[in-house]
Amino acid sequence: LLEGKRIALYSNHTGMVGNQHTLDLLLEHKLKVTAIFSPEHGFRGNADAGEQVSNTKDLKTGIPILSLYDGKEKRPSASSMGKFDVLVVDIQDVGLRFYTYYITMVQLMDACAIHNKEVIILDRPNPNGYYVDGPILEKKYKSGVGGLPIPVVHGMTLGELAQMCIGENWLPSKKHCKLQVVTCENYTHQTLYELPVPPSPNLPNMLSIYLYPSICLFEGTPLSLGRGTDLPFQVFGHPDLKDKYTFNFTPRSKAGAKNPPLLNQKCYGVDYSKLPLEKARQTKLDLNPVIEAYQAMKGDAKFFKPFFNLLIGVGYVKQMIVDGKSATQIESMWAEDVKSFRAQRKPYLLYPDNEL
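Remember, it's a predicted structure, so these values are computed and weren't measured experimentally. (Residues numbered from 1 in each chain as written. Predicted model: local features only at pLDDT ≥ 70, side-chain atom pairs only at ≥ 80, totals over all residues. Heavy atoms only, no water.)

Q: Summarise unusual backbone geometry; cite the residues concerned and give the values.
A: Even without glycine at this site, Asn 116 takes up a positive phi of about 60°. Relative to the elements of secondary structure, Asn 116 occurs in the loop between helix 3 (101–114) and strand 8 (118–122). The backbone of Lys 174 shows a phi angle near 65°, a positive value even though the residue is not glycine. (Helix = DSSP H or I, 4+ residues; strand = E, 2+ residues; numbered from the N terminus.)

Q: For helix 3, give the residues involved together with the corresponding values.
A: Over its 14 residues, helix 3 extends 20 Å from the first C-alpha to the last, a length consistent with the 20 Å expected when each residue adds 1.5 Å. Of all 14 residues that make up helix 3, 13 are buried, and the element is covered over most of its length. Immediately beyond the C-terminal end of helix 3, within one or two residues, lies Asn 116, with a positive phi of roughly 60°. (Expected span 1.5 Å × (residues − 1). Buried < 20%, exposed > 50% of the residue type's maximum accessible area, 1.4 Å probe, protein only.)

Q: Break down the packing of helix 3 against helix 4 (residues 158–167) for me, with residues and values.
A: Direction vectors running N to C along helix 3 and helix 4 enclose 45°, while the axes themselves pass 11 Å from each other. The angle between helix 3 and helix 4 falls in the class oblique. Regarding helix 3 and helix 4, the two cross each other, and that crossing is right-handed. Facing Tyr 102, Met 105, Val 106 and Met 109 of helix 3, the residues of helix 4 in contact are Leu 158, Leu 161, Ala 162, Cys 165 and Ile 166. Class assignment for the residues of the contact of helix 3 with helix 4 results in nine nonpolar, no polar and no charged. (Axes fitted to C-alpha atoms, helices over the stretch in contact; angles between N-to-C directions. Parallel < 35°, antiparallel > 145°, perpendicular 65-115°, else oblique. Left-handed = near helix turned anticlockwise from the far one by under 90°. Contact = heavy atoms within 4.5 Å. Nonpolar A, V, L, I, M, F, W, Y, C, P; charged D, E, K, R; others polar.)

Q: Break down the packing of aromatic side chains for me, with residues and values.
A: Given two aromatic rings, their pairing is described by the distance between the two centres and the angle made by the two planes. Within this structure, the stated rule accounts for 16 aromatic pairs. Plain terms: the ring middles of Phe 236 and Tyr 245 are 6.3 Å apart, the flat faces sit at 85° to each other, and that makes the pair edge-to-face. Of the two residues, Phe 236 and Tyr 245, both sit in the buried class. The interplanar angle of 80° and the centroid separation of 4.9 Å between the aromatic rings of Phe 303 and Phe 304 together place this pair among those described as edge-to-face. The class of Phe 304 is buried, set by a relative accessible area of 8%. Chaining the aromatic ring pairs together yields one cluster made of Phe 98, Tyr 99, Tyr 101, Tyr 212 and Phe 233. Directly above the aromatic system of Phe 84 lies the positively charged group of Lys 117, at a separation of 5.8 Å from the ring centroid. Against the face of Tyr 130 rests Arg 281, its NZ or CZ located 3.9 Å from the ring centre. (Phe/Tyr/Trp six-rings, centres within 6.5 Å; stacked < 30°, edge-to-face > 60°. Lys NZ or Arg CZ within 6 Å of the ring centre and 35° of its normal.)

Q: Before we move on, could you go through the environment of Leu 195 and cite the residues and values that matter?
A: The topology assignment puts Leu 195 in the loop between strand 9 (178–182) and helix 5 (206–215). Looking at Leu 195, the relative accessible area reads 13%, which means it is buried. The spacing of Leu 195 and Asp 93 is 102 residues in sequence and 9.9 Å in space, taken between C-alpha atoms. When sequence neighbours within four positions are dropped, the list of residues in contact with Leu 195 reads Gln 92, Val 94, Pro 127, Met 206 and Ile 209.

Laid out in structure tokens, this is it:
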């Protein structure tokens, strides 16, 4: 598929084939890689969330890295697009609407559609691919953490999602992108898949990946979810909760979290780090932690930042929590979204899906 073509690679530190990076493997096979695109966290995966990553070169190979988080342009320039014939996508996603790697992929697909370039996705399993959960994104909440009208947990691989983007005409330019997906072997959506490489600095283990749909919502509140500790996305807390909880942690500046929320402040809250993996896997998207924290903070009106609605993708969840509704009551509101999305995505699935 790649012989004789100029290749751009969209990847990061997760693009591994055994112990070798896909970039090195392509070069070893004398293929012509002329450019690299890197997502949030950079090509080597050590930048902070949302940090500006400058255009640079891969130190090992000297190939230019064209960052999509550089300056105002959310789409690569015409000169960048002129550097290659085919875009190869090889990156590990975790299957959530607010995990930004897929948004970068869609931007690149759109640019390839405009410039008549081919896209080849080397598909990888989705560790959260065994279920669909959460409300479908409302248009007015579209943002850098929500790029498509999909639920919070979409349960698709990047290859499937890319096919859906084309089939549903979701590319911003409305142009057609030439796409080929190289599928995974022996994978179904129910396959238990443990990631061999942490996908970003603050998702260090499978527990954090399973809890991510629920705990990430704390990004839209004043609380810490453990960035700057050894337990990101496995705890939550705040200095004002000293009277409510005994467990505590203190966020510090560290690689991948240089300036975490509540830096150097002792936070009191809840520790999920001892939760058995199987239980975490069954938890799915759970609003109970956020509701518990909201009530523990005495229902403070400043509890919900505008970012909360961007993460959850709708306005009613925040309002129902304020109104004292239970997690079960709120979650029942998006049951129809889940049902309709599962039907909508069906033609684009590449792997068996037996979710009840």
